[in-house]
Amino acid sequence: MRDYFIQGSYLAASVLFILGLRGLTRPDKARRGMQLAAAGMLFAIVGTLVSHQIVDYRWIAAGLVLGVVIGYPMGMWVPMTAMPQRIALSLTFSALAAALVGIAEYNTRLTNGEGIPAAIMAAIGIEVLLGMITVGGTLIAAGKLQEVITSRPLTYRGQNLVNALVFVAMLVLFGFLVSHPERPALFYALIALAFGFGILLVLPIGGADMPVVVALLNSYSGLASCATGFAIGNVILIISGSLDGSSGFILSVLMSKAMNRSFTNVLFGAFGSQTSIGAKSAEGLSVRSTGVEDAAVQLAYAQLVIIIPGYGMAVAQAQHQVRELAELIEGRGGEVKFAVHPVAGRMPGHMNVLLAEANVPYDKLFDMDEINGDFDRADVALVIGANDVVNPAARNDKTSPIYGMPILNADHAKSVIVLKRSMAAGFAGIENELFYNPKTSMLFGDAKKSLTGLVSEVKNV
Amino acid sequence: MLLLELYVFVLAAFTGYLVISRVPSLLHTPLMAATNAISGISLVGSLIAAGSQQNRVATILGFIAVVCATSNIVGGFLITDRMLKMFRRDVPATKRARASAAPPAAH
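Residues numbered from 1 in each chain as written. Chains lettered and ligands numbered in written order. Predicted model: local features only at pLDDT ≥ 70, side-chain atom pairs only at ≥ 80, totals over all residues. Heavy atoms only, no water.

### Focus on unusual backbone geometry
Most of the time, phi is negative for any residue but glycine, and the peptide bond is trans.
For step 1, the next point in the chain: One non-glycine residue with positive phi stands out, namely glutamine 317 of chain A, at about 50°.
For step 2, the next point in the chain: Glutamine 317 of chain A gets classed as partly exposed once you look at its relative accessible area, which sits at 39%. (Buried < 20%, exposed > 50% of the residue type's maximum accessible area, 1.4 Å probe, protein only.)

### Brief notes about the sheet that holds strand β3 (residues 365–367) of chain A
Residues and elements named next belong to chain A.
For step 1, the next point in the chain: Pairing is parallel in the open sheet, where six strands are placed in the order β3-β2-β1-β4-β5-β6. One side of each edge strand has no neighbouring strand; the edge strands of this open sheet are β3 and β6 (440–444). Neighbour to neighbour, the strand axes of the sheet diverge by 25° on average, direction disregarded.
For step 2, the next point in the chain: Summarising the sheet, strand β5 (residues 415–420) and β6 pair through five bridges and their orientation is parallel. Counterpart to isoleucine 417 in the pairing with β6 is serine 441.
For step 3, the next point in the chain: Strands β1 (304–309), β4 (380–384), β5 and β6 of the sheet are contacted by helix α11 (residues 292–300), whose axis makes an angle of about 135° with β5.
For step 4, the next point in the chain: Relative to the sheet, helix α17 (residues 447–460) contacts β4, β5 and β6, its axis offset from that of β5 by approximately 130°. (Pairing = 2+ DSSP bridges. Helix = DSSP H or I, 4+ residues; strand = E, 2+ residues; numbered from the N terminus. Axes fitted to C-alpha atoms, helices over the stretch in contact; angles between N-to-C directions. Contact = heavy atoms within 4.5 Å.)

### Comments concerning the environment of alanine 447 of chain A
All names here are of chain A.
For step 1, the next point in the chain: Looking at the element boundaries, alanine 447 is found in helix α17.
For step 2, the next point in the chain: With a relative accessible area of 9%, alanine 447 lands in the buried category.
For step 3, the next point in the chain: Through-space distance from the C-alpha of alanine 447 to that of phenylalanine 435 is 16 Å; in sequence the pair is twelve residues apart.
For step 4, the next point in the chain: Contacts of alanine 447, omitting those with residues within four sequence positions, involve Ala316, Ala318, Ile384 and Leu419.

### Side note on helix α3 (residues 43–51) of chain B
Residue and element names in this part refer to chain B.
For step 1, the next point in the chain: Taking burial as the measure, the nine residues of α3 include nine buried ones, the bulk of the element.
For step 2, the next point in the chain: Within α3, burial applies to Leu43, Val44, Gly45, Ser46, Leu47, Ile48, Ala49, Ala50 and Gly51.
For step 3, the next point in the chain: Once α3 ends, the next one or two residues include glutamine 53, with phi positive near 45°.

### Thoughts on the domain arrangement of chain A
All names here are of chain A.
For step 1, the next point in the chain: Here chain A is described as being made up of domain 1 (56–268) and domain 2 (292–460).
For step 2, the next point in the chain: Spacing between the C-alpha centres of domain 1 and domain 2 amounts to 36 Å.
For step 3, the next point in the chain: The interface is formed by 21 residues belonging to domain 1 together with 20 residues belonging to domain 2.
For step 4, the next point in the chain: Summed over both partners, the interface of domain 1 with domain 2 comes to about 1700 Å²; 72% of that surface belongs to carbon and sulfur atoms.
For step 5, the next point in the chain: On the domain 1 side of the interface with domain 2, the three residues burying the most area are Met80, Thr81 and Ala258, jointly 29% of the side's total.
For step 6, the next point in the chain: At the junction of domain 1 with domain 2, the criterion picks out zero salt bridges.
For step 7, the next point in the chain: In this assembly, domain 1 and domain 2 are joined by two residue pairs in polar contact (both at pLDDT 80 or more).
For step 8, the next point in the chain: Elements with a minimum of two residues in the side of domain 1 that touches domain 2: α4 (83–111), α8 (210–232) and α9 (235–258).
For step 9, the next point in the chain: Residue composition of the side of domain 1 that touches domain 2, by class: 13 nonpolar, five polar and three charged. (Domains from an automatic or database assignment. Buried area = accessible area lost by both parts, 1.4 Å probe. Salt bridge = Lys/Arg side-chain N within 4 Å of Asp/Glu carboxyl O. Polar contact = N/O pair within 3.5 Å; in protein donor to acceptor, adjacent residues only side chain to side chain. Nonpolar A, V, L, I, M, F, W, Y, C, P; charged D, E, K, R; others polar.)

Next comes the structure, spelled out in C-alpha cells:
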C-alpha cells in the first residue's frame, strides 16, 4: 500500500514537471507552469518521506531547515545582475548532492559487504564522475562570473596534453573500478581526479564563452542525477535528471551554433587567449566620436530605433536607463525594438531577464532571426556595450576568428551609435569594423552615464 | 529492472527534448533556473541516504546532500517565479509611457 502511494507520488511529480516545463514555452503561462512543477516537487518529497527505508528523521529535519535557510536568500535576495553566477553556483549544489549520494551509496554497500554489481558500480561511477566534474567546473565558472578569478582565459603550454592525460586517467580508473569495485582508495582517487578535471576544463575558458559552458555543465549535472537514479533504482531521479540533461544539451547546442563554434572548439580552443590572429588591425582607420547632444538629436527624430544590448549594459547596470530612453523615444512617436543576440551576456537569455527587470515589455524583445530584416529600415541602431555580436567581420573577413558567426545586422541601419567605454577590443580580442564605418558614431564613456545624459538631452530636444 | 530504467531514461530524455526545444530564447534564463530547481529532486536520494541509518558516513554525506538539494529547490523555484513575474506584455507600458512623457513642452 505504502509503495503504491510512493510510486503514485513520483508519477504525479513526473507529469507535473513536464507540464511545468511546457508552461515555459509561453511567457504568459510560465508562472502557472512553474507552480505546477513546485507542487510536483512537494509530492515527490512527501512520497519519499513515508518510505520504509527512512528510519531516522533527525538529520533530515536539520538538513531541510538549513536548506531552506540557505535557499530563501538565494532565491529572493540575489539581484538579477548576479544571475549568471547564481545559476552556476546552484549547479554546483545540485551536482554536489548527486555526487554525495553516490559516495554514500558506495560506502554503504561496501561496509555492509553486500557486494557491488558491475552495472551499479558503473552507475555510481558515472554519477560521481559527472557530479564532481560539474562541481569543479561550476565553482570556477561562478568565480569567473563573479570576477573573483580573472574572466580572461588562463592558459599555459601543454594545457591540452595535461587535460587529455587527466581524462584518460579517469577513464582507466573508472573501467578498473567497474570490474573491481572493492577498492575504495581508487574510488576516492577518481573523485579527486574528476574534481580537478572540472577545474582544469573551465580555467582556460573566457567569460564570453560562459553561456556554452554553463549550459554544458547544466546538462552534466542532469546526467549525474540520472545516474543516481540508476544507482539507487529510483525512477523519478532518472526522469527529472534526463529532463535537466536535455535542457542543458539543447541550450549548449543553441549557444555554440550562435557562435558558429563546436563544443571541442569552445572547450579546448581557449578563445581570446591569442590576440587577433588574422583579424584586421585598426591602424590607418579613424573613428568618429560624438557627444551626448548630437546622439540625442539623432535618437529623438528617428522613426525606428533598434537597441542592441550587450554585456557592457549588464556591467554598467544600465538597463533602467535604457528603458527610460526607449519610453522617451516612443513618447515622441518613434518606434523602439530590442535586438537580442543569443550569446549576448554571460548566460542564455541574460539580456532578456535584465530588460524584463527594467520593465521593458517582452513583445519588444526580438531574437536575431526575427529582427535582422528590420535593420534595413532602422534610422538608428543603438549598440550598448555589445561588440563581437555586431562585428561585420563575421560576415566578410574569412581570416577573422569569428568568421561565420551569425551576427545582428547593425551595419544595415542608416546610422549607428555605439556606447562603449573605450576603444579596447571586444572579448575575442578582435577589432570591430563597425566602429570604423563612416555612418557609425562612437559615444565613449560609462554606459549608465551616457544613457542618463541621453535621457535628459532627448527630453530637451 | 535495468532495462526498464533504460526505457524510462530514453523516453524521458526524448520528451524533455521535444518540450524544451520549444521554449523561446526569451525565457532561457528562467528555463535554466527552473531546471535547477527541478534538479533538486536529488533530494529524494539524499533523504534516503540521510535517514536510513546505514552508517555514519552515509548519514553525514546524506545530510550535506539534503542541505544542497533543499536550497536548490527553495531558491530555484523562488527565483524562477521572481523572474517570470517580470516578463509582461506591452499594453500597460505604452499607457504609462504616454502619461509620463509629458506633452512635448510647448515648442
